[in-house]
2 protein chains.
Amino acid sequence: MNETLHIQQSHRSIRSYKTDPVSDAMLDAIVASAHRAPTSMNMQEISLIVVRDAERRARIAELAGGQAWIAQAPVFIAIVVDFHKTDLGVRRTGQTQIIHESMEGFGVAAVDVGLALGAMITAAESQGLGIVPIGGIRRNPQDMIELLGLPPLTFPLVGLCIGHIANDAPQKPRMDISAFRHDERYNDAGYPAAIDAYDATLTHYWKEVARNEGLPWSEALASRLHTIYFPQVKPVAAMQGLLNDK
Amino acid sequence: MNETLHIQQSHRSIRSYKTDPVSDAMLDAIVASAHRAPTSMNMQEISLIVVRDAERRARIAELAGGQAWIAQAPVFIAIVVDFHKTDLGVRRTGQTQIIHESMEGFGVAAVDVGLALGAMITAAESQGLGIVPIGGIRRNPQDMIELLGLPPLTFPLVGLCIGHIANDAPQKPRMDISAFRHDERYNDAGYPAAIDAYDATLTHYWKEVARNEGLPWSEALASRLHTIYFPQVKPVAAMQGLLNDK
């Protein structure tokens, strides 16, 4: 296994950081990797907001639902869907952009956000840093938009904490790869058995890492997915002009 | 710069492949990297469909709008949003999943698709292989769903061609990083100048690579983004149960 594959396959989320700063050189390399990540049709409809100010990180931690590691890690990066940037380009040709009103537009932008996020994670981990992605950036999106100074046609989709690792974390097991990889055609015949096995695996894992409150996969998902756990995403995105209804 | 950063920052799309197969070991490593990529709340709501059969690749090339490299590259991987898998888990607890009806659910799944896609790209490139992401998988989504045998609550969001490089490709310039990275707060003051400069850079680039039909960024975007270029995404996703309206 080469070094890059090793880094990717060793991935785990870190929620305990030293206060030591991330050097400018390390941070610049992380941002450069995201800048070179693929982007659909060369749209480049993504922007990063690098937040290092401690007070701002503390406020983001609060808005994200009280995630202490955001205040602790020296760098937080918000990844923003930025159809304002593309709109400026489209307008100068005399055309009118409408892609931001569509599910296609939002979906492509979200995939590009994932590409940028993944690029930064791998770049950070290749330099020995720890990371944890932050979905809680969407918990109070209107406040987050104001904090980050985001204009219409933009939306903060996901965040990333980056820092030097204080306490390392174990790698959480995944469901068996047979429930992830299909060859030629989709085949869910093995899903029930894979889910059963994974529920048992996670129950064992939580005990091993002394998190007895940890739930099996099915129960953990059910507790979130029976509801729209971040109900402000749709209305606030609509107020930003990302209508998502075409 | 370490090897991983070098791979990431050397990324370019390849559209000319040898017919040599990708070995099982190389392919397994690519899939393993995607399997270990981060996934929101450990949902694991992503599946891969690995297509190696030549006839099926030829059909996908056609459905994607006539992209010859899909038929040419020995491996095509469709990355699928899979809320059917999570639904099976949620149902066994007696709860009812509704996240697949929301913009939050679709957005998170699309970010996870981007994470899996990026992981596979970096894993392939680290092994010397070439890749090109395929958004055209959404051009005729109903036909793609039938070809891949996808059940309700799933949707094919993006594809990836992987193979040994026949003719290498140059790396397309990106807009200046000042229009990508913001510190502390969003600031678009530099966007007009960055777009002007990038339009000129791309015009020069297209001449250099002898693609005189290539357009400046603004014009290329305007030609696509003034319309919903894949209008079947929203209605077909809705038919699959991904309503996206909460």
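One can find the structure itself at the top, above this paragraph.
A brief look at the structure comes next.

On to the overall build of chain A. A count of helical and extended segments in chain A gives 10 helices and 5 strands. Dimensions of chain A, computed from C-alpha atoms along their principal axes, come out at roughly 60 × 45 × 40 Å. Per-residue burial for chain A yields a buried fraction of 59% across its 246 residues. With the model as given, the accessible surface of chain A reaches about 8,900 Å², and the carbon-plus-sulfur share is 51%. For chain A, the separation between the mean place of its 22 positive charges and that of its 27 negative charges on side chains is 2 Å.

On to the relation of the copies chain A and chain B, then. Of the transformation placing chain A onto chain B, the axial shift is 0.0 Å and the rotation is 180°, giving an RMSD of 0.0 Å. In symmetry terms, the pair is related by a two-fold rotation axis. By C-alpha distance to the rotation axis, the residue of chain A lying nearest is Gly-114 of chain A, at 2.0 Å. An overlap of 100% is found between the interface residues of chain A and their copies at the interface of chain B, pointing to a shared contact surface.

What follows covers the nonpolar core. Counting 174 residues, the largest nonpolar core has Ile-162 of chain A together with Ile-162 of chain B as the members making the most contacts within it. For Ile-162 of chain A, the contacting residues outside a window of four places in its chain are Tyr-17, Val-22, Ile-30, Ala-73, Pro-74, Val-75, Ile-77, Ala-124, Leu-129, Gly-130 and Ile-131 of chain A.

Structurally, the α-helix is built with 3.6 residues per turn, so residues lying three or four positions apart point the same way. Residues and elements named next belong to chain A. Given a rise of 1.5 Å per residue, 24 residues ought to cover 34 Å, and the 34 Å separating the end C-alpha atoms of helix α6 (residues 103-126) matches this to within 8%. Counting buried residues along α6, 24 of its 24 residues qualify, which places the element largely inside the surrounding structure. Of the residues one or two after α6, Gly-128 is the one with positive phi, at around 85°.

With that settled, consider the sheet that holds strand β1 (residues 46-51) of chain B. In space, the 5 strands of this open sheet follow the order β5(A)-β1(B)-β2(B)-β4(B)-β3(B), with mixed pairing throughout. Strands at the two margins of the open sheet, each flanked by one partner only, are β5 (181-183) of chain A together with β3 (130-134) of chain B. Pairs of neighbouring strands in the sheet enclose a mean axial angle of 25°, with direction left out of account.

What follows covers the packing of helix α9 (residues 217-225) of chain A against helix α5 (residues 83-91) of chain B. Put simply, α9 of chain A and α5 of chain B touch, their axes get as near as 8 Å, and they point 100° apart. One finds that α9 of chain A runs roughly perpendicular with respect to α5 of chain B. On the side of α9 of chain A, the interface is formed by Trp-217, Ser-218, Leu-221, Ala-222 and Leu-225 of chain A, while α5 of chain B contributes Lys-85, Thr-86, Gly-89 and Val-90 of chain B. Per-class residue counts for the contact of α9 of chain A with α5 of chain B are 5 nonpolar, 3 polar and 1 charged.

Strands belonging to one sheet form pairs held by backbone hydrogen bonds; the direction of such a pair is parallel or antiparallel. Spatially, the 5 strands line up as an open sheet ordered β3(A)-β4(A)-β2(A)-β1(A)-β5(B), and their pairing is mixed. Unpaired on one side and paired on the other, β3 (130-134) of chain A together with β5 (181-183) of chain B mark the two borders of the sheet. Averaged over all pairs of adjacent strands, the angle between their axes in this sheet comes to 25°, without regard to strand direction. Here strand β1 (residues 46-51) of chain A pairs with strand β2 (residues 75-82) of chain A via 6 bridges, running antiparallel. Bridge pairing in β2 of chain A links Ile-49 of chain A to Ala-78 of chain A. Sheet contacts for α6 of chain A: β1, β2, β3 and β4 (154-163) of chain A; angle to β4 of chain A, the most-contacted strand, approximately 10°.

Here we come to the interface of chain A and chain B. The interface is formed by 117 residues belonging to chain A together with 117 residues belonging to chain B. Here chain A and chain B share an interface that buries about 10,300 Å² over both sides, 60% of which is from carbon and sulfur atoms. Applying the counting criterion to the chain A and chain B interface returns 10 salt bridges. Note that Arg-181 of chain B and Asp-28 of chain A form a salt bridge whose closest N and O atoms lie 2.9 Å from each other.

All right, on to empty space enclosed by the protein then. Under the defined criterion, the tally for this structure stands at 4 cavities of 30 Å³ or more. Lining of the largest cavity is provided by 23 residues; of these, Gly-118 and Thr-122 of chain A together with Gly-118, Ala-119 and Thr-122 of chain B occupy positions nearest its centre. Among the secondary structure elements, those contributing two or more residues to the lining of the largest cavity are α6 of chain A together with α6 (103-126) of chain B. Reported here for the second largest cavity is a volume of approximately 130 Å³. What lines the second largest cavity is a set of 16 residues, and nearest its centre among them are Ala-34, Thr-39, Gln-44 and Ile-46 of chain A together with Phe-180 of chain B. When residues of the lining of the second largest cavity are traced back to their parent elements, those giving at least two are α2 (24-35) and α6 of chain A.

This part covers the packing of aromatic side chains. Counting across every chain of the model gives 9 aromatic pairs over all chains. Measuring from ring centre to ring centre gives 5.9 Å for Tyr-186 of chain B and Tyr-191 of chain B, while their planes differ by 80°; the resulting arrangement is edge-to-face. Of the residues examined, Tyr-186 of chain B reaches a relative accessible area of 8% and is grouped as buried. For Tyr-191 of chain B, a relative accessible area of 1% gives the class buried. Between Tyr-198 of chain B and Trp-217 of chain B, the ring centres sit 6.2 Å apart and the planes meet at 65°, which makes this aromatic pair edge-to-face. In this pair, Tyr-198 of chain B is assigned in helix α8 (residues 191-208) and Trp-217 of chain B in helix α9 (residues 217-225), connecting sequence segments 19 residues apart. Under the relative-accessibility criterion, Tyr-198 of chain B is labelled buried at 2%. Note that Arg-224 of chain A overlies the ring of Tyr-229 of chain A, its terminal NZ or CZ placed 5.1 Å from the centroid. Lying across the ring of Trp-69 of chain B, Arg-15 of chain B places its NZ or CZ 5.5 Å from the centre.

All right, on to the pattern of salt bridges then. Applying the stated criterion across every chain yields a total of 22 salt bridges over all chains. Of the charged contacts, one joins Asp-183 of chain B and Arg-52 of chain A as a salt bridge, the two residues approaching to 3.2 Å between their closest N and O atoms. With one member in each of two chains, Asp-183 of chain B in strand β5 and Arg-52 of chain A in the loop between β1 and α3 (54-63) form a pair that bridges those chains. With relative accessibility at 31%, the residue Arg-52 of chain A sits in the partly exposed group. Note that Asp-196 of chain A is salt-bridged to Arg-92 of chain B, the shortest N-O span being 2.3 Å. Taken as a pair, Asp-196 of chain A in helix α8 (residues 191-208) and Arg-92 of chain B in the loop between α5 and α6 lie in two separate chains rather than in one. On the basis of relative accessibility, which here comes to 46%, the residue Asp-196 of chain A falls in the partly exposed class. A relative accessible area of 37% means that Arg-92 of chain B is categorised as partly exposed. Through salt bridges that share partners, Asp-24, Asp-28 and Arg-52 of chain A together with Arg-181 and Asp-183 of chain B make up one connected network.

Thresholds, definitions, all that
Residues numbered from 1 in each chain as written. Chains lettered and ligands numbered in written order. Predicted model: local features only at pLDDT ≥ 70, side-chain atom pairs only at ≥ 80, totals over all residues. Heavy atoms only, no water. Helix = DSSP H or I, 4+ residues; strand = E, 2+ residues; numbered from the N terminus. Buried < 20%, exposed > 50% of the residue type's maximum accessible area, 1.4 Å probe, protein only. Areas by Shrake-Rupley, 256 points an atom, 1.4 Å probe, with all protein chains shown as cover. Lys, Arg positive; Asp, Glu negative; His and termini not counted. Charge placed at Lys NZ, Arg CZ, Asp CG, Glu CD. Least-squares fit on C-alpha atoms with pLDDT ≥ 70 in both. Contact = heavy atoms within 4.5 Å. Core = buried A, V, L, I, M, F, W, Y, C linked by side-chain atoms within 4.5 Å. Expected span 1.5 Å × (residues − 1). Pairing = 2+ DSSP bridges. Axes fitted to C-alpha atoms, helices over the stretch in contact; angles between N-to-C directions. Parallel < 35°, antiparallel > 145°, perpendicular 65-115°, else oblique. Nonpolar A, V, L, I, M, F, W, Y, C, P; charged D, E, K, R; others polar. Buried area = accessible area lost by both parts, 1.4 Å probe. Salt bridge = Lys/Arg side-chain N within 4 Å of Asp/Glu carboxyl O. 1 Å grid on protein atoms, 1.4 Å probe; cavity = no way out; pocket = protein on both sides within 12 Å on 5 of 7 lines; lining within 4 Å. Points joined across faces, edges and corners; volume = space filled by probe spheres on them. Phe/Tyr/Trp six-rings, centres within 6.5 Å; stacked < 30°, edge-to-face > 60°. Lys NZ or Arg CZ within 6 Å of the ring centre and 35° of its normal.

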